[in-house]
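One-letter residues, chain by chain:
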Amino acid sequence: MLGGAVSVAAPSLPVFLVARALTGACYGGVNPTSVTYVGDIVPADAVKRALSPFYAAGGMGVAPVSPWAASS
């Protein structure tokens, strides 16, 4: 969260890039940790249903970029 706030208020490109790198490095552990946590607390037959919104939200975050990326 700190990296995102610094990114928004970055006074220069180098500060922005460092803040984005920090944010990316910290987020790298969120996905596997979340999936492991859900797998531990949800019964095995309901894991797919529990994780569907998590993966759908991730897909929605990439979807607006996909048409642009496909056309270039």
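A quick note: this is a predicted structure, and the numbers were derived from the prediction, not measured. (Residues numbered from 1 in each chain as written. Predicted model: local features only at pLDDT ≥ 70, side-chain atom pairs only at ≥ 80, totals over all residues. Heavy atoms only, no water.)

(A) Spotlight on the overall build of the protein chain. When helices and strands are tallied, the protein chain shows five helices and zero strands. Of the regular secondary structure in the protein chain, the N- to C-terminal order runs α-α-α-α-α. In the protein chain, buried positions account for 10% of the 72 residues. A total of about 5600 Å² of accessible surface is found on the protein chain, and carbon and sulfur atoms cover 73% of it. (Helix = DSSP H or I, 4+ residues; strand = E, 2+ residues; numbered from the N terminus. Buried < 20%, exposed > 50% of the residue type's maximum accessible area, 1.4 Å probe, protein only. Areas by Shrake-Rupley, 256 points an atom, 1.4 Å probe, with all protein chains shown as cover.)

(B) Quick look at the packing of aromatic side chains. Under the defined criterion, the tally for this structure stands at one aromatic pair. Between Phe54 and Tyr55 the ring centres are 5.4 Å apart and the planes differ by 70°, which places this aromatic pair in the edge-to-face class. Assessed through its relative accessible area of 31%, Phe54 is described here as partly exposed. (Phe/Tyr/Trp six-rings, centres within 6.5 Å; stacked < 30°, edge-to-face > 60°.)

(C) Spatial organisation of a nonpolar patch on the surface. A cluster of nonpolar side chains, namely Leu2, Val6 and Val15, defines an oily patch on the protein surface of about 240 Å² accessible area. Examined against the element boundaries, Val15 turns out to sit in helix α2 (residues 13–27). What makes Val15 partly exposed here is its relative accessible area of 32%. (Patch = residues over 30% accessible without salt bridge, like charges linked within 9 Å, V, L, I, M, F, W, Y side chains within 5 Å. Salt bridge = Lys/Arg side-chain N within 4 Å of Asp/Glu carboxyl O.)

(D) Molecular detail of the environment of Gly3. If you trace the backbone, Gly3 turns up in helix α1 (residues 2–8). For Gly3 and Arg20, which are 17 residues apart along the polypeptide, the C-alpha to C-alpha distance reads 6.3 Å. Among all residues touching Gly3, those that are not within four sequence positions of it are Ala19, Leu22 and Thr23. (Contact = heavy atoms within 4.5 Å.)

(E) Quick look at the confidence of the model for the protein chain. This prediction gives the protein chain a mean pLDDT of 82; 83% of its residues lie at or above 70. For the protein chain, helix α5 (residues 66–71) is the element with the lowest average pLDDT, namely 56, and helix α3 (residues 30–41) is the one with the highest, namely 90. (pLDDT = per-residue confidence, 0-100.)

(F) Representation of the environment of Leu17 within the structure. By the element assignment, Leu17 lies in helix α2. For the pair Leu17 and Ser7, spaced ten residues apart in sequence, the C-alpha separation works out to 7.8 Å.

(G) Representation of the environment of Leu2 in the model. Inspection of the secondary structure assignment puts Leu2 in helix α1. Leu2 sits in the exposed class, given a relative accessible area of 64%. A sequence separation of 20 residues divides Leu2 from Leu22, and the C-alpha atoms of the two residues are 8.9 Å apart.

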